[in-house]
Amino acid sequence: MGELLVMAAIATCVKILLLPSYHSTDFEVHRNWLAITHSLPVDRWYVDETSEWTLDYPPFFAWFERLLSAFAAVWDPRIVDLSAGKNYASASCLLFQRGSVMVADSVLYLGLWSYCKGMAPDKRKLVYAVVVFSPGLLIVDHIHFQYNGFLLGILLLSLAALKQGKDLLGGVIFAALVCFKHLFAVAGPVYFVYLLRHYCSGPRRLRNFFQLAISVLGVVVLAFGPFAYYGQVGSASFSSPFLCTSKLCFQIQQVLRRLFPFGRGLCHAYWAPNIWAMYNTADKALSILFKAAGFKVNSTTAAYTGGLVGEFSSYAVLPSITPLITFAMVLSSLVPWLYKIWRNPQPSRVVYYITYAYMCGFMFGWHVHEKASLHFVVPFSLIAVESMDNANDYLFLSTVCYYSLFPLLYEAPEYPIKVLVLLLYSTLLWDCFSNYFSVKVDGKGEDKSKASRHSRTALGRLKSSYLAGMILIEIYGQFGHRFLFPQRLEFLPLMLVSAYCSIGVFYIWVQWFRSGFSIHDWSTLPPPKDKKFGV
Amino acid sequence: MPKNPKILFFPSLGFIGIMRDAPSFRVSAIFISAVAVLIRLLTGLHSYSGAGNPPKYGDYEAQRHWMELTINLPVSDWYRNTTDNDLGYWGLDYPPLTAYQSYIHGVFMRKFDEQSVALHSSRGYESLHSKVLMRWTVVLSDLAIFFPAAIAFVAAYYRQRSHEERVWVLALILLQPALILIDHGHFQYNCLSLGLAIGAAAAVISRWEIVACVLFSLSLNHKQMSMYYAPAFFSHLLGISLRKKYPVLNVLKLGAAVLSTFALCWWPFLHSREAVLQVLSRLVPIHRGLFEDYVSNFWCVSNLLIKWKQLLPDRVLVQLAFVATLACILPSMLQQILRPSRRGFLLAMFNCSFAFYFFSYQVHEKSILLPVIPGTLLALDEPLVWRWLIPGALMSMFPLLVRDGLLLPYFALLLLFFLGFVPLRSFNPVAASSLLGGFVLHLTYLLLDPPARYPYLFEAFIAAYTFAYFAAIFLYTNYRQWSRNRVLSSTQKRKKKV
């Protein structure tokens, strides 16, 4: 606990130093939510459109904002003023909002602590450091502005409960998490199968099943219930059952419409490094090829040459993708693992299940943000030092994913900061992992035969050269591009970053996917690599 | 357990044996330097002296104004009052090397943001872009001079120490919060003059006496404040020379090195007596009084009881300050002339600069950086000094930094310093209670309004509190300079027991 506190204090110092750095529109979004939840009655929360940044997180998060707004009102009443507070970003507002993220991070530390209880001290310290000093959380939460640390902390609490065999608690916390941010629902099938087979088995399976179902439903009702209730109360004066139901439906529909904006398109403005980034790039390349070959190509694709890669859902050559396709792909990529969980649900493997689930959601999901890579990188860090292969994969994957966050920060003051933070993190991890695994060999002699072959973590030639390529991509994007194509093809550097990173993420995903089929022992995950990819 | 990393970094964590297996000191030095650059950049995100505060702004505007002057006016006009150079508005009052440095940075600024250094029209020019550029000029100066000097010093002075200890002391020098806050927060280029002085100290330790003389002369020519170190360099080099075969010849050689460096720096002004005097008149600020604001030195603190400025005329005060300073530096100088040694030389640097800080005329809060540097350089030899000195130095600058809007980085860097370098177990009751006292004073300053009759009461409290520390440290280090035994650090004690 002491070590965690010290690390958290160090990280907090860095966060304080980052306070005046660039913040995205998310800062104003969250400020507006403070204002909405503070100055409006509950039934207006999801209806209000005073500001364009309407509330689009599930109800628990709205309540969280309500809680914060109580303090904000005391701190500086203008923050929670619906109209006068618009685009309010004074020093006091900045301090309050940034401070609230730092304080909310204590949930992350709590989750981390409760997951790491009972680990060997060396290993625990390493896991703490890997999570606490994560540049991804720094970039997304403390520069760009969001509350991912808080939400991931809830996820870690749930994972800790599952690991300790407290299935019911884990399930309930997860249900609550989904009611904080619905994007976490991707792991729903995994939770469902795991809890069904692990908790609802044995002699008391029926009792347990109903216990679980009622608790989870209870959480959902607690979250969405008030909106249903206010819908009914509001329409009671009409004394017509029809109107009454329609009003209820309206409220729930309104909440759901806000939560699932399918109108937004397959990809975000900047493509997250997933399969669709590759798909888009392939489409672009093919359309150029076809044009060169003299075919007539759909000309609407010119849309994304004007600067930012806009919302992109019409393809020149390849078939377009619908939400249903992405949904089916996420689910089917989960199937081998779901089968595996069904056969043998193991509490010690829960983190692997969840990490994989979020990886699939990221690879194939609809309108995925690059920030969603935190959803699997942070859980992955809990198991990063379980084995040397994990350490290798984690070092690689976290570097790729965090690098793909770079375009979030595009202003000059933050540029050297994000580069240095990532470089230092990766170097430090590499050093710590090498130390950890070499000490482990000297000390207890665990997996001696294997570790003595490679006493230091080594990424291997393929991954190292891939990471080196990343540096080239970055140099090209920052300097090379403006010499080669001045004032033209402005989307190209960003496209290169996301396409290049997607290859790295895809590589790791394929290994995990394959391990879903393998009958190989679980303790080496992913399975032993081919000789030519190895060290 | 020889394989286990020695616990030096984040001692309360006992875990990061940074670069334990690093192939060389150089690799670790690069890593530490990267961390140091990151902290500097983070500090640079915050406000600076006089941000958005017309008509005179602050040190940031002064530095920018000098860039504007030097790239737009002929050298002969840099220190002269002309229609294009109003000396009343941040006239150049540092020696020529600062002017040349401003010229180079001015060219850099002009390349990326022409408006920011345009003659006349750029007064008070502030933009996000130009702030980033200005911050970069400091970071680059730091990287060019201060970092190499610190690495060279550690490599030279701590040659016999273990790898971990050398990395640790390098980290302490590069991450020392007082300098970071002044250079990268408040906005100045102390890293240049102090870096040159550290380089000179490294040269002295390596017995490259001519290099030392050249580097120290350069340091003096960047900021006249480096004079605080001059007695130490002078007496040590004299002491060394006296022990050589041809003492007079050696002194002459070193004197020639100093004079020719000075001549080179002053070359553009050497054509007439008048020009030299003009520059000199800008460098000696007699008219500015015994002290400014609330600095933790003898004059300011004793002024609470004895009103020096009303009691005596300026001329007498100057003489008084001179005599008092001389009396305080004499023991250290004498020691170095009689028994020159490397450790004694660093202690003399420390003692002399503190003597100047306490007693010389026109001392600024920021001058505490001068004693802080040798105090940090001696960290492994004098483990008691840096632990008390660095927090004390920070605290003595607290009111200044609050005025600059640097409250948050102040606390963040102070906390990082404690977490990174000071082990929890070293907090004995004395340390804990002094820390508590300091904390209470900070809170008082921030939260309470001073009584209307004494608007600067809390500043005076802070000055008096830190002065007590400084005086105690000063007496202790003077004692240490004359005593021959070394203080053993805890790690060495442990080694001895084994």
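Bear in mind the structure is a predicted one, so any value in this text is a computation, not a measurement.

> How should I be thinking about the overall build of chain A in this particular structure?
Assigned secondary structure in chain A consists of 20 helices and zero strands. Residue burial in chain A is summarised as follows: out of 535 residues, 56% are buried. In chain A, the proportion of contacts linking residues at least 24 apart, taken out of those at least 6 apart, comes to 77%. Summed over all atoms, the accessible surface of chain A reaches about 22300 Å², with 68% contributed by carbon and sulfur.

> What is the right way to read the packing of helix α2 (residues 59-72) of chain B against helix α3 (residues 96-112) of chain B from this model?
Describing two packed helices takes the angle between their axes plus the distance from one axis to the other. All names here are of chain B. Packing of α2 against α3 brings their axes to within 7 Å, and their N-to-C directions diverge by 85 degrees. Classed by the angle they form, the pair α2 and α3 counts as roughly perpendicular. Here Gln63, Trp66, Met67, Thr70 and Ile71 of α2 lie close against α3, whose contacting residues are Thr98, Ala99, Gln101, Ser102, Tyr103, His105, Gly106, Val107, Met109 and Arg110. Here the residues of the contact of α2 with α3 sort into seven nonpolar, seven polar and one charged.

> What am I meant to see in the pattern of salt bridges here?
Side chains carrying opposite charge are able to pair once their charged atoms draw close together. Residue and element names in this part refer to chain A. Scanning the model with the defined rule gives 17 salt bridges over all chains in all. Arg124 is the partner of Glu3 in a salt bridge, and the nearest nitrogen-oxygen pair spans 4.0 Å. With Glu3 in helix α1 (residues 2-17) and Arg124 in helix α5 (residues 121-132), this pair connects stretches of sequence that are 121 residues apart. Residue Glu3 is classed as buried on the basis of its relative accessible area of 17%.

> Help me understand the packing of aromatic side chains, please; the structure alone is not making it clear to me.
Here the distance between the centres and the angle between the planes together describe a pair of aromatic rings. Residue and element names in this part refer to chain A. For the coordinates displayed, the defined rule picks out 77 aromatic pairs over all chains. With centroids separated by 5.1 Å and ring planes inclined at 75 degrees, the aromatic side chains of Phe364 and Trp509 adopt a geometry described as edge-to-face. Of this pair, Phe364 sits in helix α14 (residues 350-364) while Trp509 sits in helix α20 (residues 492-515); the two residues are 145 residues apart in sequence, bridging distant segments of the chain. Aromatic pair Phe380 and Tyr394: ring centres 5.5 Å apart, planes at 90 degrees, arrangement edge-to-face. Separated by 14 residues along the polypeptide, Phe380 in helix α15 (residues 374-382) and Tyr394 in helix α16 (residues 388-403) bring together distant segments of the chain. The class of Phe380 is buried, set by a relative accessible area of 1%.

> Can you walk me through unusual backbone geometry in this structure?
A negative phi angle characterises most non-glycine residues, just as the trans form characterises most peptide bonds. All names here are of chain B. With omega at 5 degrees, the peptide bond leading from Pro54 into Pro55 counts as cis. Along the chain, Pro55 turns up in the loop between α1 (25-44) and α2. Here the phi dihedral of His120 falls at roughly 65 degrees; this positive angle occurs in a residue that is not glycine. You can see His120 is positioned in the loop between α3 and α4 (128-157). Judged by relative accessible area, which is 40%, His120 ranks as partly exposed.

> Sorry, what's going on with the confidence of the model for chain B here?
Low-pLDDT portions of the prediction should not be read for the details of their coordinates. Residues and elements named next belong to chain B. With 92% of its residues at a pLDDT of 70 or more, chain B has an overall mean of 89. When the criterion is pLDDT under 50, residues 12-19 qualifies, and its contacts beyond four places in sequence or with other chains add up to 32 contacts. Under the prediction, the complex receives an ipTM of 0.91, its pTM being 0.90.

> Is there a simple way to think about a nonpolar patch on the surface in this case?
Residues Ile471, Leu472, Ile475, Phe479 and Phe483 of chain A make up a contiguous nonpolar surface patch of about 590 Å² in total accessible area. Take Ile475 of chain A: it is sitting in helix α19 (residues 460-484).

Quick notes on the rules
Residues numbered from 1 in each chain as written. Chains lettered and ligands numbered in written order. Predicted model: local features only at pLDDT ≥ 70, side-chain atom pairs only at ≥ 80, totals over all residues. Heavy atoms only, no water. Helix = DSSP H or I, 4+ residues; strand = E, 2+ residues; numbered from the N terminus. Buried < 20%, exposed > 50% of the residue type's maximum accessible area, 1.4 Å probe, protein only. Contact = heavy atoms within 4.5 Å. Areas by Shrake-Rupley, 256 points an atom, 1.4 Å probe, with all protein chains shown as cover. Axes fitted to C-alpha atoms, helices over the stretch in contact; angles between N-to-C directions. Parallel < 35°, antiparallel > 145°, perpendicular 65-115°, else oblique. Nonpolar A, V, L, I, M, F, W, Y, C, P; charged D, E, K, R; others polar. Salt bridge = Lys/Arg side-chain N within 4 Å of Asp/Glu carboxyl O. Phe/Tyr/Trp six-rings, centres within 6.5 Å; stacked < 30°, edge-to-face > 60°. pLDDT = per-residue confidence, 0-100. Patch = residues over 30% accessible without salt bridge, like charges linked within 9 Å, V, L, I, M, F, W, Y side chains within 5 Å.

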